[in-house]
Amino acid sequence: PSGALRGSPGCRGPPRVSPPDVSPAVLTDADLTDAKISRSFDGTKLVLTRLVQTDFSPSSFLGPKYYETTFSGARMISAKLRHCQISSVSFYNADCANADFSHTDFSDVRMKGCNLTGACFRNANFERWMIPPDQIRDADLRNANIDQLIHRYRTNQSVNS
């Protein structure tokens, strides 16, 4: 019949949909509350973004090869960043209360001025993580390599003084 679509049959089953690529992106003051996103966020700026109960597990947040990656001023209350890779990222003044960072690999991460009350870093790996030790006193650091973390901060403080 005329107007009929012709072509070869496709695969049976649900269509595969790739999530949108958000690297690099600027999501300043965006609201991603309760979202579930597993993706590469390399070079993404999440400044002042609302990420309350957002689940990023497992995702990667890498910078600054080409673009800065930052959570500065973000509201990340009860956010899930489990099994993530976070490298060369800043979290200045982010509210990470009750956030779950368990099993996450941190490298060259800066978290000055953050609220980490109740944050979970169980089984997390740290390499060059810059954070004042008093900020993590109310966080769950079971099985995390925290001794190395505090030593690196104190060493950098005495060098920069």
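A brief structural summary.

Rules used throughout
Residues numbered from 1 in each chain as written. Predicted model: local features only at pLDDT ≥ 70, side-chain atom pairs only at ≥ 80, totals over all residues. Heavy atoms only, no water. Helix = DSSP H or I, 4+ residues; strand = E, 2+ residues; numbered from the N terminus. Buried < 20%, exposed > 50% of the residue type's maximum accessible area, 1.4 Å probe, protein only. Contact = heavy atoms within 4.5 Å. Areas by Shrake-Rupley, 256 points an atom, 1.4 Å probe, with all protein chains shown as cover. Salt bridge = Lys/Arg side-chain N within 4 Å of Asp/Glu carboxyl O. Phe/Tyr/Trp six-rings, centres within 6.5 Å; stacked < 30°, edge-to-face > 60°. Core = buried A, V, L, I, M, F, W, Y, C linked by side-chain atoms within 4.5 Å.

**Describing the overall build of the chain**
Scanning the chain from terminus to terminus reveals one helix and five strands. For the chain, the N- to C-terminal ordering of α and β elements is β-β-β-β-β-α. Within the span of the chain, comprising 161 residues, buried residues form 39% of the whole. Considering only contacts in the chain between residues 6 or more positions apart, those separated by 24 or more positions represent 19%. Split by element, the accessible area of the chain, about 9,300 Å² in all, is 50% carbon and sulfur.

**Points about the pattern of salt bridges**
Scanning all chains against the criterion turns up nine salt bridges. A salt bridge links Arg122 to Asp140, with the nearest nitrogen and oxygen atoms 2.5 Å apart. Taken as a pair, Arg122 in the loop between β4 (105-110) and β5 (125-130) and Asp140 in the loop between β5 and α1 (146-160) lie far apart in primary sequence, 18 residues in all. Residue classification places Asp140 among the buried positions, given a relative accessible area of 16%.

**Concerning the packing of aromatic side chains**
Within this structure, the stated rule accounts for 14 aromatic pairs. Residues Phe56 and Phe61 carry aromatic rings whose centres are separated by 5.4 Å and whose planes lie at 85° to one another, so their mutual orientation is edge-to-face. In this structure Phe56 comes out as buried when scored by relative accessible area, which is 0%. A relative accessible area of 0% means that Phe61 is categorised as buried.

**Here we look at the nonpolar core**
Of all hydrophobic cores here, the largest spans 34 residues; its most connected members are Met76, Phe91, Phe101 and Phe121. When residues of this core are traced back to their parent elements, those giving at least two are β3 (85-90), β4 and β5. The residues contacting Phe121, other than those within four sequence positions of it, are Phe101, Ser102, Phe106, Leu116, Phe126, Trp129, Ala139, Asp140, Leu141, Arg142 and Ala144.

**Observations regarding the environment of Thr54**
Mapped onto the elements of the fold, Thr54 is located in the segment before β1 (60-62). The buried category is assigned to Thr54, whose relative accessible area is 0%. Thr54 sits 23 residues away from Asp31 along the chain, and the two C-alpha atoms are 9.8 Å apart. Contact partners of Thr54, with chain neighbours within four places excluded, come to Leu32, Thr33, Asp34, Ala35, Ala79 and Lys80.

**Things to note about the side chain of Ser72**
Mapped onto the elements of the fold, Ser72 is located in the loop between β2 (69-70) and β3. Leave out the neighbours within four places in its chain, and Ser72 touches Leu46, Val47, Leu48, Ser90, Phe91 and Tyr92.

Read these as geometric descriptors, not functional statements.
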